[in-house]
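As a plain string of letters, each chain reads:
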Amino acid sequence: EVQLVESGGGLVQPGGSLRLSCAASGFTFDDYYIGWFRQAPGKEREGVSCISKSEGRTYYADSVKGRFTISSDNAKNTLYLQMNSLKPEDTAVYYCVAGEDYTDFCGFYAMDYWGKGTLVTVSS
């Protein structure tokens, strides 16, 4: 059974940093690419970042480029998202995802598995 369990969310002030983690089980990172989506209140889910070490591919949404960094520890089957210079508009529930459709890399409909999410609130 595939499981994705996020952690690390919380309340942070604008300009601050957080690191999200996702513990994956039931599959290996060689079989799927992995990443993060988010859903802000009243908005649709959007792809934030995805990574595939086996394919050498990385994706970042324009809104987070230069501020967020995705990384993975394949030996531990753990995914991370380092978020710096956080803005109030980064407030959202962040979901860990896994997919294998490289024709739609990090696309919403390409994701096969979703975690339950962790809430990130950026507010003073």
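Preceding this paragraph is the structure being described.
Numbers given for residues are sequential positions, taken from 1 along each chain in its written order. A pLDDT threshold of at least 70 governs which residues receive local features in this predicted model, and a stricter bar of 80 or more applies before side-chain atom pairs are shown or counted, although totals over entire chains, interfaces and linings include all residues. In computing side-chain values, all of the structure's heavy atoms are included and hydrogens and water are not.

S.K.: How should the overall build of the chain be read in this particular structure?
M.R.: Across its full length, the chain holds zero helices and 11 strands. Helix and strand assignments follow DSSP, with helices taken as H or I runs no shorter than four residues and strands as E runs no shorter than two, numbered in order from the N terminus. Each helix (α) and strand (β) of the chain, taken in turn from the N terminus, gives the series β-β-β-β-β-β-β-β-β-β-β. Taken along the three principal axes of its C-alpha coordinates, the chain extends 40 × 25 × 25 Å. Counting only residues that meet the buried cut, the chain has 45% of its 124 residues in that class. Of all intrachain contacts in the chain linking residues separated by at least 6 positions in sequence, the fraction that spans at least 24 positions is 60%. For the chain, the exposed surface amounts to about 6400 Å²; the carbon and sulfur share of it is 45%. We count Lys and Arg on the positive side and Asp and Glu on the negative side, and we leave His and both chain ends out. Lys charges are placed at NZ, Arg charges at CZ, Asp charges at CG and Glu charges at CD. Counting 11 positive and 15 negative side-chain charges, the chain places the averaged centre of each group 9 Å from the other. For every residue, the accessible area (1.4 Å probe, protein chains only) is compared with the maximum for its type, and the residue is labelled buried under 20%, exposed over 50%, or partly exposed between those bounds. The criterion used for residue contact is that any of the two residues' heavy atoms lie within 4.5 Å. Here the accessible surface of atoms and residues is derived via Shrake-Rupley with a 1.4 Å probe, and residues count as covered only by protein chains that are part of the display.

S.K.: What exactly am I supposed to notice about the nonpolar core here?
M.R.: General note: in soluble globular proteins, nonpolar side chains tend to be found buried as a group. Phe27, Trp36, Phe68, Leu79, Leu81, Met83 and Tyr94 are the most contacted members of the largest nonpolar core, which totals 28 residues. Contributions of two or more residues to this core are made by β3 (18–25), β4 (33–39), β5 (46–52), β7 (68–73), β8 (78–83), β9 (92–99) and β11 (118–122). Methionine 83 has contacts with Gly16, Ser17, Leu18, Leu20, Arg67, Phe68, Tyr94 and Val120, leaving out every residue within four places of it along the chain. Residues belong to a common nonpolar core when they are buried Ala, Val, Leu, Ile, Met, Phe, Trp, Tyr or Cys residues joined through side-chain atoms within 4.5 Å. Among the nonpolar cores identified, the runner-up in size contains eight residues, and Phe37, Val97, Cys106 and Met111 belong to it.

Function cannot be inferred from these measures alone, as they are strictly geometric.
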